[in-house]
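# Summary of the model geometry
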Amino acid sequence: MNFEIKYKDARGRVGTLKTPHGTIKTPALMPVIHPGKQTIQVSDYGAEVVITNAYLIYKNEDLREIALEEGVHKLIDFPGPVVTDSGSFQLSLYGDVQVSNQEIVEFQEKIGTDIGTSLDIPTPPSVKRERAERELEITLQRASEALEVRDELMLNSVVQGSTYPDLRSKCADALGKMDFQVHPIGAVVPLMESYRYKELVEVVMASVTHLPDSRPRHLMGAGHPMIFALAVAMGCDLFDSAAYILYAEDDRLLMPGGTLKLENLYEMPCSCEVCTSYTPEQLRQMKKEERRELLAIHNLRVSFAEMRMIRQAIVEGSLWELVEQRCRAHPFLLEALRSLKNYSKDLEKYDPPYKNSAFFYTGPESLNRPEVYRHLKKMRRIPSKKSVLLLPRSSKPYSERLYDLPEKFYRITNEQENFEAKQDSLEHPKQSAESLNQQIIETQLEDMQVTVVDVPFGVIPLELDQVYPLAQNESPDSYDEDSLKMVGNVLQDYLEGFDEIIVSEEVAQTFALNTLPLEEYPFPEPLNIVVDDQKRIKMIADYQFGEGAGNGLFDGDVQIVKSRKTGKIRHVYDGEELIATLRASDGVFVLAREGARRLHRYLPYPKNRVVVNEDAEPFAREGKSIFAKFVINCDIDIHAKEEVLIVNAEDQLLAFGKSILNGKEILDFNTGQAVKTRKGGF
Ligand code: GUN
Ligand code: ZN
């Protein structure tokens, strides 16, 4: 295997792909080189890898001769990795090609291609199902034939299936079982050309969810920077751009936010060497060839800049923000972004729960992000107390603003209770409404779950108010309609877990709880809410490791040590022994040896485990990082960046560390690190 993942965000991956002519960073953009016609040296503008067309070389006697004698790299004058396509695209354009699958695969091997492609059939979108099925069979046959023909050649095998998600998935499943190195997703050009981005999402998601995570995916024919971020967020790693030259030919400029026509330009739109050296008028006055070359350079610059921006966003954990920005470039992209909601469950498994940057709410689409889905899923598990007190938002973390509490509260009564209360007061006429209230107030504040209601996370128990991303998020002060509706729904579910609901006036008004029967609820003055440290550490552990983990980790008489500077919890000890440290940046626990021991004792196998083989055991015990190839089993629900236990086949604890991949990826990969070990020594 030649592919490694270094960083993850959404379904996106920053990684490396090794080829015979060098290693490239992914996600990568591969400029399309027209053999024999190319004038621009694309490596000058940032290309690490290029793609060219083996069929065009094969068909032209002169080119074929040079390629066979000196190799494709010499032919196109590019020393780095060269990917070749097979002529399938010509097949889709002209309905016919003068070469067989076997011939073109053999040819690609002979000319020294790094990654070759079999002669798949690019079935267009929206064809009859029978045709899609029939052509898919041929594509699969040709893929397996290519495997028999090739010697050392790394091979693409293209996912087809038209716009039938189940056929795409079926094709991906079948190809994934065979020994290919890269999986393109094919026949999407017509979708992109007609702005059918929502269907593009369906096709890509149906494919990537069934492809092995350990192989890079190439979104074939995607060369407009406007869709790179979205495609990467769905798990695409490679792109090819003929767009840079095709758009230049038409006097059009690619931008991450869309396309500009030179004829409409009053100003040049970017800071590349072309845009800063020429005015639109100067370019318009130029000879066609000269202008085309300059616009192509602009197009390459912008496309590579976008790819760098995307890799940066993945490393810092802000890919969703970038996707949300880009998808506002066109209403149909926005539609596509919205449709990601249908894939929340899958996206949540890939998206790391802890990131180096804050969650920015950029509009109602942010409500569909995996972080929100994950939080609400966890909230369903967190055990509830009998009564709840709902507070409005303040600045974060909320528990540091408790000196500034609202004044007016209500209790939500239900009709039945009201009736009983009335009956009660009839039978005991001496008991006035006032004394009834007094009784209610006697409910101890300590027995109440204090929860803040906010956008976009809905309900945030005060104990969790420093955990990522519940503290590390920003949203506008004014709530939009979608947020209000969403939080309203969340509240409905959440409140079902409580017998008694006390709500601040502001929360009741904002989230329409005032349509329920309310009675005023006078708290004793001054209202003093304190978050109990013991409850806080247990709830954080439950939230982080699953229900009950808090009791498992912090059972007995534990000591909490706080930061002298910030007053926040830093360490939890059992006597002299450190159990865990609460990381200041994201408010979650980093295990120490005793913590790992306790978690291991408490959580049933294989929960939170990465199981390594005998060979790796001594290395794990020494605290060396765990490579994916030594992993024989693991908890499939592990996310990237989680605290995990490293055990042997007998479930003996060897070490603990932080996962780099999720459970599915750890099992699928055979190269690269799976877990950064913190400590061994067990
Ligand atoms: N280029 C653009 N789309 C396709 C496709 O579906 N298959 C191949 N081989 N090349 C393409
Ligand atoms: Zn420019």
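Below: a short report on this structure. All of these numbers come straight from a predicted model, not from anything done at the bench.

## Digging into the overall build of the protein
In terms of helices and strands, the protein carries 27 helices and 31 strands. Pairs at least 24 residues apart make up 69% of the contacts formed inside the protein by residues separated by at least 6 positions.

## Some thoughts on a negative patch on the surface
Among the surface-exposed residues, E61, D62, E65, E69 and E70 lie close enough to one another that they form a single negatively charged patch. Take D62: it is sitting in helix α2 (residues 61-70). Judged by its relative accessible area of 59%, D62 falls in the exposed class.

## Thoughts on the sheet that holds strand β16 (residues 409-412)
Reading across from one edge, β18-β17-β15-β20-β16-β21 is the order of the 6 strands in this open sheet, with mixed pairing throughout. On the outer flanks of this sheet lie β18 (458-461) and β21 (518-520), each paired with one strand and no other. Adjacent strand axes in the sheet meet at a mean angle of 30° when their direction is disregarded. When β16 meets strand β20 (residues 500-504), the two strands line up antiparallel, connected through 4 bridges. The partner of F409 across the bridge, within β20, is S504. Packed onto the sheet, helix α21 (residues 481-495) meets β15 (387-392), β17 (448-454), β18 and β20 and runs at close to 50° relative to β18.

## Section: the site of ligand 1
Every residue lining ligand 1 is accounted for by D85, S86, S88, F89, D120, P122, Q160, G186, A187 and M220. Measuring from a nitrogen atom of ligand 1, one finds a side-chain N or O atom of D85 at 2.6 Å. Protein coverage of the free-state accessible area of ligand 1, which is 280 Å², stands at 95%. When the residues that make up the shell around ligand 1 are grouped by side-chain class, the tally is 4 nonpolar, 4 polar and 2 charged.

## As for the coordination of the zinc ion (ligand 2)
Coordination of the zinc ion (ligand 2) by the protein comes from C270 (SG), C272 (SG), C275 (SG) and H298 (ND1), over a distance range of 2.1 to 2.3 Å. In terms of primary sequence, the donors binding the zinc ion (ligand 2) are separated according to C-x1-C-x2-C-x22-H. With respect to class, C272 is no different from C275; both count as buried.

## Observations concerning helix α9 (residues 197-208)
Here α9 is 12 residues long and its end C-alpha atoms lie 16 Å apart, about the 16 Å a rise of 1.5 Å per residue gives. Taken as a whole, α9 has its buried residues at Y197, L200, V201, V203, V204, M205, A206, S207 and V208.

## Quick notes on the packing of helix α7 (residues 165-176) against α9
The geometry of α7 relative to α9 is characterised by a closest axis approach of 7 Å and an angle of 30° between their N-to-C directions. One finds that α7 runs roughly parallel with respect to α9. The hand of the α7/α9 crossing is right-handed. In this structure, α7 uses P165, R168, S169 and A172 to contact α9, whose residues at the interface are V203, A206 and S207.

## Section: a nonpolar patch on the surface
Judged by side-chain polarity, F89, L93 and Y94 come together as a nonpolar surface patch covering roughly 360 Å² of accessible area. With respect to the helices and strands, L93 occurs in helix α4 (residues 88-94). For L93, a relative accessible area of 51% puts it in the exposed group.

## Section: the packing of aromatic side chains
Both the distance between ring centres and the angle between the ring planes are used here to describe each pair of aromatic rings. Applying the stated criterion to the full structure yields 11 aromatic pairs. With centroids separated by 5.2 Å and ring planes inclined at 80°, the aromatic side chains of Y58 and F107 adopt a geometry described as edge-to-face. Placement of the pair is Y58 in helix α1 (residues 54-59) and F107 in helix α5 (residues 101-110), with a sequence separation of 49 residues. For the pair F409 and F523, a centre-to-centre distance of 4.9 Å together with 90° between the ring planes defines the contact as edge-to-face. In this pair, F409 is assigned in strand β16 and F523 in the loop between β21 and α23 (533-545), connecting sequence segments 114 residues apart.

## Looking at α5
Buried within α5 we find N101, I104, V105, F107 and Q108. Down the axis, α5 shows its buried residues gathered within 160° of arc, on one side only. In this fold, the buried residues of α5 make contact with α1, α2, β6 (82-85), β7 (115-117) and α6 (129-149). Backbone geometry just downstream of α5 places G112 in the positive-phi region, at approximately 80°.

## A few points about the nonpolar core
General note: in soluble globular proteins, nonpolar side chains tend to be found buried as a group. Ranked by internal contacts, the top residues of the largest apolar core, which has 102 residues, are I104, L219, L230, F239, I310, L319 and L340. Among the elements that take part in this core, helix α14 (residues 288-316) stands out by supplying 10 residues, more than any other. Discounting chain neighbours no more than four positions away, the residues touching L230 are V201, V323, C327, L333, A336 and L340. Ranked by size, the runner-up nonpolar core spans 75 residues in total, among them Y398, L405, V453 and I540.

## Overview of the pattern of salt bridges
Here the structure, examined in full by the defined rule, presents 44 salt bridges. A salt bridge links K25 to E48, with the nearest nitrogen and oxygen atoms 3.4 Å apart. Taken together, the residues span a long stretch of sequence, with K25 in strand β3 (residues 22-26) and E48 in the loop between β4 (28-33) and β5 (50-53) at a distance of 23 residues. We classify K25 as partly exposed; its relative accessible area is 41%. Since its relative accessible area comes to 31%, E48 is described here as partly exposed. Among the charged side chains, a salt-bridge network with shared partners connects D9, E321, E348, D351, K355, R369, E371, R374 and K377.

## What about unusual backbone geometry?
Residue P27 follows T26 across a cis peptide bond; omega there is -5°. Counting through the fold element by element, P27 comes out in the loop between β3 and β4. Look at the link from Y605 to P606: it is a cis peptide, with omega at 0°. With respect to the helices and strands, P606 occurs in the loop between α25 (593-602) and β26 (609-612). Unlike most non-glycine residues, D77 shows phi in positive territory, near 55°. Inspection of the secondary structure assignment puts D77 in the loop between α3 (72-75) and β6. Backbone geometry at S162 places phi at a positive 55°, although glycine is not the residue there. With respect to the helices and strands, the residue S162 is situated in the loop between β8 (154-156) and α7. We classify S162 as buried; its relative accessible area is 1%.

Cut-off values and rules
Residues numbered from 1 in each chain as written. Chains lettered and ligands numbered in written order. Predicted model: local features only at pLDDT ≥ 70, side-chain atom pairs only at ≥ 80, totals over all residues. Heavy atoms only, no water. Helix = DSSP H or I, 4+ residues; strand = E, 2+ residues; numbered from the N terminus. Contact = heavy atoms within 4.5 Å. Patch = residues over 30% accessible without salt bridge, like charges linked within 9 Å, V, L, I, M, F, W, Y side chains within 5 Å. Areas by Shrake-Rupley, 256 points an atom, 1.4 Å probe, with all protein chains shown as cover. Salt bridge = Lys/Arg side-chain N within 4 Å of Asp/Glu carboxyl O. Lys, Arg positive; Asp, Glu negative; His and termini not counted. Charge placed at Lys NZ, Arg CZ, Asp CG, Glu CD. Buried < 20%, exposed > 50% of the residue type's maximum accessible area, 1.4 Å probe, protein only. Pairing = 2+ DSSP bridges. Axes fitted to C-alpha atoms, helices over the stretch in contact; angles between N-to-C directions. Near = heavy atom within 4 Å. Polar contact = N/O pair within 3.5 Å; in protein donor to acceptor, adjacent residues only side chain to side chain. Nonpolar A, V, L, I, M, F, W, Y, C, P; charged D, E, K, R; others polar. Donors = N, O, S within 2.8 Å, 3.2 Å for Na, K, Ca; no water. Expected span 1.5 Å × (residues − 1). Parallel < 35°, antiparallel > 145°, perpendicular 65-115°, else oblique. Left-handed = near helix turned anticlockwise from the far one by under 90°. Phe/Tyr/Trp six-rings, centres within 6.5 Å; stacked < 30°, edge-to-face > 60°. Arc of directions from axis to C-beta. Core = buried A, V, L, I, M, F, W, Y, C linked by side-chain atoms within 4.5 Å.

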